[in-house]
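Spelled out from the first residue to the last, the chains are:
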Amino acid sequence: MLESLLMIIAALVLGLGGGYFIRKLIAEAKISSAETAAKKILEEAEQEANSIKREKHLEAKEEAHRLRTEVERENKERRAEIQRMEKRLLQKEETLDRKTANAERKEEDLRRKEEENRVFREQLEQLQQQQLTELERVSGMSSEEAKELLLKRVREEIKHEMLVMVKDMENQAKAEGDKKAREIVTLAIQRCAADHVTESTVSVVSLPNDEMKGRIIGREGRNIRALETLTGIDLIIDDTPEAVIISGFDPIRREVARLSLEKLVSDGRIHPARIEEIVEKTRKEVENQIKEEGERATFEAKVHGIHPELVYLLGKLRFRTSYGQNVLQHSIEVAHLAGIMASELGLDVNFAKRAGLLHDIGKAIDHETEGSHVFIGAEIAKKYKESESIVNAIEAHHGDTDFKTMEAVLIQSADAISAVRPGARRETLEAYIKRLEKLENIADSFDGVEKSYAIHAGREIRIMVKPERIDDYASIQVARDIVKKIESELEYPGQIKVTVIRETRAVDYAK
């Protein structure tokens, strides 16, 4: 057993020794292989490093060469620029030297001329003194006395010239003022055109038949008396077919009577109680209409802040006429005209419009109160706290008192423009017909005229001429001759258009 154990131990020792020897051999082989690989890697790394070194060395050389080339080029350019700058500096120095030399020569010339001038001034002063002494001896006056005499004459001449100049300027200013005033008035008329309704002191109510007249009169005339008593107007029932004439001086009463009669005729029930009911109802409607017309006038004229009673009085002017011109429309037109002229002249436009709208306010009650409408209107304006300037404009618009403001002058001018412009106020029918006949007679008096027609209320005349006697060129001359004769023989508003017509007709018949 011991032997076995020894044999096992010996086997183990041998196994260990053999394993160690084998491992040593294997390790040495691996180490040798690793060293060989390491050497190979080192050699390859060294070769690669040498290659990179050579490449970097070449790149560095190329970069250095490039930088050296750029530096040399920049240096060359800088040297060239420096040379150019030096050349310009040399040229400037030469130019400056020449200018300095010229300045020195000029300075020397100036010094020489100043010296000559000084000597000349001294000689001139000596001569002036000698002349002054000789003049004082000859004239017997001192220099101060002669100077005073000369200044006196100069002042007189200047004064005369100033007076002449002032006179010329006054004439020129007056001419320009007249021209400007005409332009302003023309502009105001052009920009304001109001419609006017020609009215009178009577109204006509149409009836469906003549039998209605008997119903209006009533039994023993009680219906017509009731209507006349309630309205304060006169009913004229004559032979005029199917019509009743309402006559009265008060336009509002006349309007109430007209509307009431129209309602009664339309309703058919005509008796005193019904008449009283209709008249009362109509009177309230007319009062409402008066208020509306007053408010419309203030709105149209763009005048605000007027007392309600003044607005009501303005509305009453809607039923008031002056020579056929509606007073309310006239007042609105005056407000517009005055406002336009005030704007052109730089005056108070709102004040001018307000005064223009109220200037005829007295006509609303002048048939109820004694005195002129100017005085009545001024009192009404004072009563309702209008300013003194407004009151003065109302008082002065017919020249009854002096003007206190420029706007008051404009109110008078606007009132005259509105009243006298063509078409504003009614002309009589007889004068109108005579003017048309005269116009046609003038045209018919020319040789070759076949027939003439006055149309458009006498604003145009059309003339037919005989084509076999007057050709196209002669018709132009006929028109001019007729115009000249109308201008010399007729008085008319605005302008009259003359149209000459030459017509040639060719007629044939188909058979």
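Residues numbered from 1 in each chain as written. Predicted model: local features only at pLDDT ≥ 70, side-chain atom pairs only at ≥ 80, totals over all residues. Heavy atoms only, no water.

Asker: Can you help me understand the pattern of salt bridges in this one?
Answerer: Two side chains bearing opposite charge may form a pair once their charged atoms approach each other closely. The tally for this structure, following the rule as stated, stands at 27 salt bridges. When the shortest N-O distance is used, the salt bridge between R118 and E115 registers 2.3 Å. In this pair, R118 and E115 both sit in helix α1 (residues 2-139), three residues apart, roughly one turn of the helix. By relative accessible area, R118 is classed as partly exposed at 34%. Taking the relative accessible area as the measure of exposure, E115 reaches 41% and is therefore partly exposed. Across the salt bridge formed by R274 and D267, the nearest N and O atoms sit 3.3 Å from each other. One network of salt bridges, in which partners are shared, links D267, R269, R274 and E277. (Salt bridge = Lys/Arg side-chain N within 4 Å of Asp/Glu carboxyl O. Helix = DSSP H or I, 4+ residues; strand = E, 2+ residues; numbered from the N terminus. Buried < 20%, exposed > 50% of the residue type's maximum accessible area, 1.4 Å probe, protein only.)

Asker: Where do I start with the packing of helix α8 (residues 327-345) against helix α9 (residues 349-358) in this structure?
Answerer: A packed helix pair is summarised by two numbers, namely the angle formed by the two axes and the spacing between the axes. Contact pair α8 / α9: the axes reach a minimum separation of 7 Å and the direction vectors enclose 155°. Judged by the angle between their axes, α8 and α9 are roughly antiparallel. By crossing handedness, the relation of α8 to α9 is classed as right-handed. Contact with α8, carried on its side by S331, I332, V334, A335, A338, G339, A342 and S343, involves V349, A352, K353, G356 and L357 of α9 and no other residues of that element. Residues belonging to the contact of α8 with α9 are distributed by class as follows: eight nonpolar, four polar and one charged. (Axes fitted to C-alpha atoms, helices over the stretch in contact; angles between N-to-C directions. Parallel < 35°, antiparallel > 145°, perpendicular 65-115°, else oblique. Left-handed = near helix turned anticlockwise from the far one by under 90°. Contact = heavy atoms within 4.5 Å. Nonpolar A, V, L, I, M, F, W, Y, C, P; charged D, E, K, R; others polar.)

Asker: What is the right way to look at the pairing of strand β3 (residues 243-247) in this model?
Answerer: Within a regular strand, side chains alternate between the sheet's two faces. Bridge analysis of strand β2 (residues 234-236) against β3 gives three bridges, and the strand direction is antiparallel. Each bridged residue has a counterpart across the sheet, and for L235 the counterpart in β3 is I246. Here β2 folds back onto β3, and the loop between the two strands holds six residues, one of which, E242, carries a positive phi near 55°. (Pairing = 2+ DSSP bridges.)

Treat this as a map of the structure, not an account of what it does.
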